[in-house]
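# Structural overview
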Amino acid sequence: QKTRVLLLCGGQSGEHAVSLMSAQSVLAALPASHFEVTPLVIDAAGRWLGRADTARVLGGAQDSAAPVSSELRPYEVAGFDVIWPLLHGPNGEDGTVQGFLTLTGAAYVGSGVLGSAASMDKVMTKQVLASVGVPQVEYRLVTRQAWRSAPESVRIAAGSLGYPQFVKPANLGSSVGISRAAGPEDLEAALDLAFSLDRRVILEAAASHKPRELEVGILGNDAPQASPVGELRFEALFYDYTTKYTEGQASMHIPAPVPAEVAIRVRELALTAFKALDCAGLARIDFFYVEETGELYLNEVNTMPGFTTTSMYPKLWEAAGLSYAELVTRLVELAQEER
Ligand code: ATP
Ligand code: MG
Ligand code: MG
Ligand code: MG
């Protein structure tokens, strides 16, 4: 008997398009001999589309006549063995959908409510990981309310970190809303942008003028494994949205050409973080490595990383000997494992 998988994709966040690309890769890869996969697109307004509209959005069918009233209700997730919320960002990767799926009793791929929420919020991640001794850059939390009513306090908080610094919405991904402020004159625009996307904003000291960027994949539930370490290289000042998603602007190097002890430390720190944040299934954990000083900082934890066949996470596991099809099969199995 085949495993019935419901693949949730799209979603309400700024990473809607990225999620659709990941879903197309997963759909093509889950072996038909073992799986029966139903994709379901959540549109930008948060509506769960029916089969015909989903097929139209994913480009898989001619049938585009179905009205939006064909939308599924969220409770129609019944009847599947495993749900895969292949969603990024708010209302997808942040524990909200995971909370709903938990209530339905369904088995689902990836972290639960706590792991998803704690990893999505960059400030919460830093607080949890500081408690287990994981090295991270200095940061300040600022709120929209403070920016409205006491902007001088926000400027003082920013000034205490020095420049350049990074201004980020606390709960987003794909570099959406992130600015590199070279000096105090860049703060106003950076903060306005970040606060247009989130109530909480994190200000971060730069790891260095241009740190090396290392990433590692974690796979498993209570006995997680770390993949080889990968490195991203690009010309831009930082890994912004355009650099991430424009063909040819960044390159992946697996394994990362770093000293063996650096790779070992990255994998250890990533496993510590995965456990401390109560992650499950998978996560891609990103680091900054300052070659000149040997400093290593954990940047962030992505509980549902980009998942196209050319994305870093599947590539890291491919380097470990696990093909894309084997990886997606393993993730569905992990979802069904008792924890
Ligand atoms: P993802 O798409 O991986 O989920 P994200 O939107 O969560 O990314 P970050 O990884 O936090 O964003 O930051 C995006 C990029 O900005 C980093 O890859 C790096 O190039 C740069 N960057 C962010 N914070 C810092 C920092 N403190 N020091 C140096 N560079 C930074
Ligand atoms: Mg992220
Ligand atoms: Mg992300
Ligand atoms: Mg990142």
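Cut-offs used in this document
- Residues numbered from 1 in each chain as written.
- Chains lettered and ligands numbered in written order.
- Predicted model: local features only at pLDDT ≥ 70, side-chain atom pairs only at ≥ 80, totals over all residues.
- Heavy atoms only, no water.
- Helix = DSSP H or I, 4+ residues; strand = E, 2+ residues; numbered from the N terminus.
- Rg over C-alpha atoms; globule rule 2.2 N^0.38 Å.
- Buried < 20%, exposed > 50% of the residue type's maximum accessible area, 1.4 Å probe, protein only.
- Contact = heavy atoms within 4.5 Å.
- Donors = N, O, S within 2.8 Å, 3.2 Å for Na, K, Ca; no water.
- Domains from an automatic or database assignment.
- Buried area = accessible area lost by both parts, 1.4 Å probe.
- Salt bridge = Lys/Arg side-chain N within 4 Å of Asp/Glu carboxyl O.
- Axes fitted to C-alpha atoms, helices over the stretch in contact; angles between N-to-C directions.
- Parallel < 35°, antiparallel > 145°, perpendicular 65-115°, else oblique.
- Nonpolar A, V, L, I, M, F, W, Y, C, P; charged D, E, K, R; others polar.
- Near = heavy atom within 4 Å.
- Polar contact = N/O pair within 3.5 Å; in protein donor to acceptor, adjacent residues only side chain to side chain.
- Areas by Shrake-Rupley, 256 points an atom, 1.4 Å probe, with all protein chains shown as cover.

## Here we look at the overall build of the protein
The number of helices and strands found in the protein is 12 helices and 13 strands. Radius of gyration (C-alpha) of the protein: 20 Å, near the 20 Å computed for a compact globule of 339 residues. Evaluated residue by residue, the protein yields a buried proportion of 53% over its 339 residues. The contacts in the protein between residues at least 6 apart in sequence include a share of 66% that link residues at least 24 apart.

## Brief notes about unusual backbone geometry
Leave glycine aside and you will find that most residues have negative phi; peptide bonds, for their part, are mostly trans. Looking along the chain, the bond that leaves Y163 and enters P164 is cis, with omega of 0 degrees. Locating P164 in the fold gives a position in the loop between α7 (151-159) and β6 (165-169). Here the residue pair I254 and P255 is connected by a cis peptide bond, since its omega of -5 degrees sits within 30 degrees of zero. Even without a glycine there, the phi angle at N91 is positive, about 55 degrees. Turning to its location among the elements, N91 is positioned in the loop between β3 (82-85) and α3 (96-104). By relative accessible area, N91 is classed as partly exposed at 35%. With phi around 55 degrees, D278 is a residue other than glycine that occupies positive phi space. You can see D278 is positioned in the loop between α10 (260-276) and β12 (281-290).

## Points about the coordination of the magnesium ion (ligand 2)
Bound to the magnesium ion (ligand 2) are the protein donor atoms E300 (OE), E300 (OE) and N302 (OD1), situated 2.0 to 2.5 Å from the metal. Taken as a pair, the magnesium ion (ligand 2) and the magnesium ion (ligand 3) lie 3.2 Å from each other and share N302 as a ligand. Of the two residues examined, E300 and N302, each falls in the buried class.

## Quick notes on the domain arrangement of the protein
With domains assigned, the protein is organised as domain 1 (3-108), domain 2 (119-135 + 210-336) and domain 3 (139-205). The gap between the C-alpha centroids of domain 2 and domain 3 is 24 Å. Contacts between the two partners involve 15 residues from domain 2 and, on the opposite side, 16 residues from domain 3. Counting the surface lost from both domain 2 and domain 3, the interface buries some 1,400 Å², and carbon and sulfur atoms represent 58% of this. For the domain 2 face of the interface with domain 3, the top three residues by lost area are K122, V123 and F238, together amounting to 40%. Inspection of the domain 2/domain 3 interface yields 2 salt bridges.

## Let's talk about the packing of helix α1 (residues 16-29) against helix α12 (residues 324-336)
Direction vectors running N to C along α1 and α12 enclose 95 degrees, while the axes themselves pass 9 Å from each other. By the angle between their axes, α1 is roughly perpendicular relative to α12. Counted together, S22, S25, V26 and A29 of α1 and Y324, A325 and V328 of α12 form the full contact between these two elements. Taken together, the residues that form the contact of α1 with α12 break down as 5 nonpolar, 2 polar and no charged.

## Considerations on the site of ligand 1
Taken together, 24 residues lie near ligand 1, and K122, K168, S175, E213 and K244 sit nearest. K122 places a side-chain nitrogen or oxygen 2.6 Å from an oxygen atom of ligand 1. Protein chains bury 95% of the 620 Å² of accessible surface belonging to ligand 1 in isolation. Only β6, β8 (200-205), β12 and β13 (295-302) provide two or more residues apiece to the shell around ligand 1. Split by residue class, the shell around ligand 1 holds 11 nonpolar, 5 polar and 8 charged. Each of domain 2 (119-135 + 210-336) and domain 3 (139-205) contributes no fewer than three residues to the shell around ligand 1.

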